Amino acid sequence: MRVIAITHLIIILIEVLLLRKINITNAGILLLIQVNLFVFCHKPTEPIRLWMTPPPEVAKTAAVYGEIKNPYATDVEIRTIVSNGYKTVDFHETSLDDQSGVTRMRKLDYPILLKANETIELVRSGKHLMLYEKLDHSGKLELKIQFSNGESRTVLVEERAL
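Residues numbered from 1 in each chain as written. Predicted model: local features only at pLDDT ≥ 70, side-chain atom pairs only at ≥ 80, totals over all residues. Heavy atoms only, no water.

Under an unreviewed UniProt entry, the name given to the chain is Copper chaperone PCu(A)C, and the source organism is Leptospira vanthielii.

Observations concerning the overall build of the chain
What counts is decided by this rule: For helices the rule is a DSSP run of H or I covering at least 4 residues; for strands it is a run of E covering at least 2, with both sets numbered from the N terminus onward. Only heavy atoms matter for contacts: two residues are in contact if any of them lie within 4.5 Å across the pair. Only the protein chains shown count as cover for residues, with accessible areas throughout obtained via the Shrake-Rupley method and a probe of 1.4 Å.
When its secondary structure is counted, the chain shows two helices and eleven strands. Ordered by position from the N terminus, the helices and strands of the chain form the series α-α-β-β-β-β-β-β-β-β-β-β-β. In the chain, the proportion of contacts linking residues at least 24 apart, taken out of those at least 6 apart, comes to 68%. With an accessible surface of roughly 10,900 Å², the chain has 58% of that area assigned to carbon and sulfur atoms.

With respect to the nonpolar core
What counts here: Residue types Ala, Val, Leu, Ile, Met, Phe, Trp, Tyr and Cys, when buried and joined through side-chain atoms within 4.5 Å, form a set referred to as a nonpolar core. A simple rule labels every residue: compare its accessible area, found with a 1.4 Å probe on the protein chains alone, to the largest value its type can have, and call it buried under 20%, exposed over 50%, or partly exposed in between.
Counting 25 residues, the largest nonpolar core has Leu50, Ile68, Ile78, Phe91, Leu129, Leu131 and Leu143 as its most contacted members. If you list the elements that add at least two residues to this core, you get β1 (49-52), β2 (62-69), β3 (76-83), β4 (86-96), β6 (112-114), β7 (119-122), β8 (127-134) and β9 (142-147). Not counting chain neighbours up to four residues away, the residues in contact with leucine 143 comprise Leu50, Val64, Ile81, Val82, Ser83, Val89, Leu129, Leu131, Arg153, Thr154, Val155 and Val157.

Let's talk about unusual backbone geometry
Residues tyrosine 110 and proline 111 are joined by a peptide bond in cis, for which omega reads 0°. Tracing the chain through its elements places proline 111 in the loop between β5 (103-108) and β6. Not every positive phi belongs to a glycine, and serine 125 is a case in point at roughly 60°. Here serine 125 is to be found in the loop between β7 and β8.

So, in structure tokens, the structure goes:
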């Protein structure tokens, strides 16, 4: 959308320059048009919503659920996830083994690909985050997600009862 806003500005500038009617009023109008186009054409990033059930005090691991959306028109990868309350954060996927009929949980290695406008649903008995080695930390649990495009997002994990 920013490309559209910039294209409109260029077209307006060419029209003004070709007609040679540039003055302080026209320049002010051009600036207001550009700001308006930029603000209203810019797609805000959608929040990442994550939640967990409060683990028992003696538990060293926890699971996190929710959804991680890719708000970009291009593919992006999740490079790492770091927690303020746990030493390690891994992606896991629970699946049913057709041959044995046993449900297995396996670790998914980083980077995790998010295709353009894709949402990863983090659910029980599916993809989810596993947090290992609880640290001595009081307060709200935060996860910092590092993306391949250089963006880093810190998400506050909501606590929900079963």
